[in-house]
Amino acid sequence: MIKTDDCRAFHHMGYFVLTYNYLPHNYTIRLEHERAFIDIRIMDSENAWASFTQITQYQIDIYPSFRKDDINKSLLLLKNLLEENEFTFYFTRDNKLYSKNAEGIKRIKKQW
């Protein structure tokens, strides 16, 4: 994994964005901290996205206490997820939501 971008505004409630490129599959991994939550988003070369929280059901909530163990657990889950490479990406086209995985592309009728 190679770090490609770094945006920090710690004076604004600790906000930061870290962007990495995961080389085996050319995915972009974007970690964004805003207020009390860290969001990890995986994007492919066509800008389709997958949310770490949605895939793993693991929410990185930094309050009331943010521990090093939470970071380690989430990074281990992310590592395993990327190595398995068996998750679904989502993208929009013409205001319609689609999913994309090894089985192909499907239109999603339900909106969340």
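Now for a look at the structure at hand. Fair warning: this is a prediction, and the values are worked out from it, not measured in the lab.

## Topic: the overall build of the chain
Of the regular secondary structure elements, the chain holds 2 helices and 9 strands. Shown N-terminal to C-terminal, the secondary structure of the chain runs as helices and strands in the order β-β-β-β-β-α-β-α-β-β-β. Within the chain, contacts between residues at least 6 apart in sequence are counted, and of these 29% link residues at least 24 apart.

## Here's the deal with the environment of Asn-21
Relative to the helices and strands, Asn-21 is located in strand E2 (residues 15–22). Taking the C-alpha atoms as reference points, Asn-21 and Met-1, separated by 20 residues in sequence, lie 5.5 Å from one another. Discounting chain neighbours no more than four positions away, the residues touching Asn-21 are Met-1, Ile-2, Thr-4, Asn-26 and Tyr-27.

## Notes on the environment of Asn-85
Its location among the elements puts Asn-85 in the loop between helix H2 (68–84) and strand E7 (89–93). Classification of Asn-85 as partly exposed rests on a relative accessible area of 28%. Among all residues touching Asn-85, those that are not within four sequence positions of it are His-25 and Tyr-27. For Asn-85, the side chain forms a polar contact with the side chain of Tyr-27, separated by 2.5 Å.

## Comments concerning the nonpolar core
For soluble globular proteins, nonpolar side chains are generally found buried alongside one another. Core analysis: the biggest nonpolar cluster contains 24 residues, and Tyr-27, Ile-29 and Ile-42 have the highest contact counts within it. Listing elements by their share of this core, those giving two or more residues are E2, strand E3 (27–34), strand E4 (37–43), strand E5 (49–51), H2, E7 and strand E8 (96–101). Examining the composition of this core, we find that 4 residues originate from one element, E4, more than from any other. For Tyr-27, the residues in contact, after removing those within four places along its chain, are Tyr-20, Asn-21, Tyr-22, Ile-42, Met-43, Asp-44, Leu-82, Asn-85, Phe-87 and Phe-89.

## Overview of the pairing of E2
Within E2, 7 of the 8 residues are buried, which leaves it mostly tucked inside the rest of the structure. Sheet topology places E2 next to E3; 7 bridges connect them, and they run antiparallel. From the neighbouring strand, Leu-18 faces E3, where its bridge partner is Leu-31. Hairpin connection, E2 to E3: the antiparallel pair is bridged by 4 residues, and Asn-26 has positive phi, about 55 degrees.

## A few points about the pairing of E3
In terms of strand pairing, E3 meets E4 through 7 bridges, oriented antiparallel. By the bridge assignment, Ile-29 is partnered in E4 with Ile-42.

## Re the packing of aromatic side chains
Geometrically, a pair of aromatic rings is defined through the distance of the ring centres and the angle of the planes. Here the structure, examined in full by the defined rule, presents 5 aromatic pairs. Residues Phe-91 and Tyr-98 carry aromatic rings whose centres are separated by 5.3 Å and whose planes lie at 15 degrees to one another, so their mutual orientation is stacked. By the burial criterion, Phe-91 is buried, and Tyr-98 matches it. Members of the aromatic cluster, connected to one another through ring pairs, are Tyr-22, Tyr-27, Phe-87 and Phe-89.

Thresholds, definitions, all that
Residues numbered from 1 in each chain as written. Predicted model: local features only at pLDDT ≥ 70, side-chain atom pairs only at ≥ 80, totals over all residues. Heavy atoms only, no water. Helix = DSSP H or I, 4+ residues; strand = E, 2+ residues; numbered from the N terminus. Contact = heavy atoms within 4.5 Å. Buried < 20%, exposed > 50% of the residue type's maximum accessible area, 1.4 Å probe, protein only. Polar contact = N/O pair within 3.5 Å; in protein donor to acceptor, adjacent residues only side chain to side chain. Core = buried A, V, L, I, M, F, W, Y, C linked by side-chain atoms within 4.5 Å. Pairing = 2+ DSSP bridges. Phe/Tyr/Trp six-rings, centres within 6.5 Å; stacked < 30°, edge-to-face > 60°.

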